[in-house]
Structure formats: structure tokens, C-alpha cells
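# Structural characterization, general
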Amino acid sequence: MTALTLYFCPRTRGFHALWMLEEIGEPYDLRLVNIRDDIQSEAYAAVNPMRKVPALDVGGELITESPAICTWLADRFADKGLAPAVDAPGRGSYLRWLFFAGSVIEPAFIDKAMSRETPRQMAGWGDLAAVKASLIEALDGKEYLVGDRFTAADLMVGSTLNFMMNFNLLERVDPFAAYVGRLVERPAYKRAMARESELAG
Ligand SMILES: N[C@@H](CCC(=O)N[C@@H](CS)C(=O)NCC(=O)O)C(=O)O
């Protein structure tokens, strides 16, 4: 069995990986990293030279970037049913939405948080209006992004949208509110929340 160790700080993007580990349900260790000081240490730079959490140590190999961590876990523990198989219908859409979370949704909302507009032709993420419209279309009449079941793509997109709502960057309106509302009812989400609260003290 591959040993799993998550470098984590409560109330950060580390939550995506914590939630994913709870969905997987395999044993894992947590290493708490304080993002104010620990993260600046040379020891942590050896874990992630970007000096950011989360990072997941999988038997000595380090994975950073939440979508990569979720993709790896879903594939490594394929029996948990959190990803369409490589040759199954829906695999392409699944990867699309997983990447969309980090490379499109996130930067579009950061633009909003910073009250700036990157010219849409220059920005790989286009603009926030197009991001929202794409998600509204993808969720139209559906409970999940891919097929009729929850996947790691829902975790990454839903967790990112939830962050944006909590920071008042996304209005709590449907379909986003209903979609996120469904995801946060999952037992694994609740376990991850409880663990995070306990660690935050
Ligand atoms: N692209 C990374 C972003 C991770 C990230 O930005 N983490 C923040 C916490 S929310 C962090 O570690 N910040 C510490 C710092 O930049 O000093 C991912 O998706 O996992």
C-alpha cells in the first residue's frame, strides 16, 4: 500500500485534497504547515518549491497542485468510482472540468477579487462572465458535471465555487448554490470539514 501524507493548513486550498482523501477513505497522515512561517522554511521548499499547500507525498513522490492531487488519487484508487476509466465515455469531459477548476475558474475569480480585468484575448481563462456561462450550461438539468455521478471533477469545481461563495466573490444563486449545496451534504465533505475545524482549533 502506498503511504499517503498530506501537507495541509486549515482554511486554505488544502481543503480540496483533504476532502478528496476523505472521499477515497484510505489511511493517510497529515503534516500541519503554518502558511505564515513554516511554509517559508527551506525544509518546506524541498516539499514544494512554490511554498504552497497542499502537497501530497505518495510513497516518497511529491504531488502539488490540487487538481493533480485529485486526479492521481482518483486514478490510483479507481475502485472508489471517482473518475471515469481512461477508455470510458466521459473521461475527456472529466479531465476538462478538473483542469477548468484550477486554470480557468480560479484566475477568473482572482481577477474579480483584485478588481482588475485582464484583457480576455490575453487571459487563458477568458473572463468571468464566460466562465459562469460555461458552468451554467454544463450544469443545466444535471446534478453532476459528468454523467450522472459525482467525480473528482465535481470535487474540484464544487470546492472552488464554494470558496468563491464564502469569500463573497460568487453570488449564492442557482445553479451554483444548488450544485454546491448538494456536494456539501456528502459524508466525506462533512468528515473533512470536521477534521479541518478540529485542526484549526
Ligand atoms: N495551485 C495551487 C494553489 C495552492 C495555494 O495557493 N495555496 C495557498 C493557500 S490557499 C498557499 O499555500 N499560500 C501560501 C503562500 O503563498 O505563502 C493548488 O491548486 O493547489
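Owing to the predicted nature of the structure, the values given are computational and were not obtained by experimental measurement.

The next point concerns the environment of Pro 49. Relative to the elements of secondary structure, Pro 49 occurs in the loop between α2 (42-47) and β3 (55-58). Residue classification places Pro 49 among the exposed residues on the basis of a relative accessible area of 65%. Between the C-alpha atoms of Pro 49 and Thr 64, which are 15 residues apart in sequence, the distance is 9.7 Å.

Further remarks concern the domain arrangement of the chain. Each domain of the chain was delimited in the assignment, giving domain 1 (4-81 + 188-200) and domain 2 (91-186). Between the C-alpha centres of domain 1 and domain 2 there is a distance of 21 Å. The partner domain 2 presents 19 residues to the 17 residues of domain 1 that form the contact. A buried area of about 1,600 Å², summed over both sides, lies between domain 1 and domain 2, and 59% of it is on carbon and sulfur atoms. Together, His 16, Trp 19 and Tyr 189 form the three largest contributors to the area buried by domain 1 at its contact with domain 2, with a combined 33%.

Turning our attention to the packing of aromatic side chains. Taken as a whole, this structure holds nine aromatic pairs when the rule is applied. Taking 5.9 Å as the distance between ring centres and 65° as the angle between the ring planes, the aromatic pair formed by Tyr 7 and Tyr 44 counts as edge-to-face. Of this pair, Tyr 7 sits in strand β1 (residues 4-8) while Tyr 44 sits in helix α2, and the two are 37 residues apart along the sequence. Classification of Tyr 7 as buried rests on a relative accessible area of 11%. Plain terms: the ring middles of Trp 72 and Phe 77 are 6.5 Å apart, the flat faces sit at 80° to each other, and that makes the pair edge-to-face. The class for Trp 72 is partly exposed, based on a relative accessible area of 25%. Following the ring pairs from residue to residue traces out a cluster consisting of Phe 15, Trp 19, Tyr 144, Phe 150 and Tyr 189. It is Arg 76 that lies over the ring of Phe 77; its NZ or CZ is 4.7 Å from the centre. We note Arg 186 situated over the ring of Phe 150; from NZ or CZ to the ring centre the distance is 3.6 Å.

Let us look at the packing of helix α1 (residues 14-24) against helix α3 (residues 66-76). Describing two packed helices takes the angle between their axes plus the distance from one axis to the other. For the pair α1 and α3, interaxial distance at closest approach is 9 Å and the crossing angle is 10°. Regarding the angle of α1 to α3, the classification is roughly parallel. Together, His 16, Ala 17, Met 20, Leu 21 and Ile 24 of α1 and Ser 66, Ile 69, Cys 70, Leu 73 and Ala 74 of α3 make up the contact between the two elements. Partitioning the contact of α1 with α3 into residue classes produces eight nonpolar, two polar and no charged.

The next point concerns the nonpolar core. Counting residues in each nonpolar core, the largest one holds 57 residues, and the members touching the most others are Trp 19, Met 20, Leu 73, Trp 97, Leu 135, Val 157 and Leu 161. Membership of the second largest hydrophobic core comes to eight residues, among which are Val 33, Ile 39, Tyr 44 and Ala 55.

What counts, and at which threshold
Residues numbered from 1 in each chain as written. Predicted model: local features only at pLDDT ≥ 70, side-chain atom pairs only at ≥ 80, totals over all residues. Heavy atoms only, no water. Helix = DSSP H or I, 4+ residues; strand = E, 2+ residues; numbered from the N terminus. Buried < 20%, exposed > 50% of the residue type's maximum accessible area, 1.4 Å probe, protein only. Domains from an automatic or database assignment. Contact = heavy atoms within 4.5 Å. Buried area = accessible area lost by both parts, 1.4 Å probe. Phe/Tyr/Trp six-rings, centres within 6.5 Å; stacked < 30°, edge-to-face > 60°. Lys NZ or Arg CZ within 6 Å of the ring centre and 35° of its normal. Axes fitted to C-alpha atoms, helices over the stretch in contact; angles between N-to-C directions. Parallel < 35°, antiparallel > 145°, perpendicular 65-115°, else oblique. Nonpolar A, V, L, I, M, F, W, Y, C, P; charged D, E, K, R; others polar. Core = buried A, V, L, I, M, F, W, Y, C linked by side-chain atoms within 4.5 Å.

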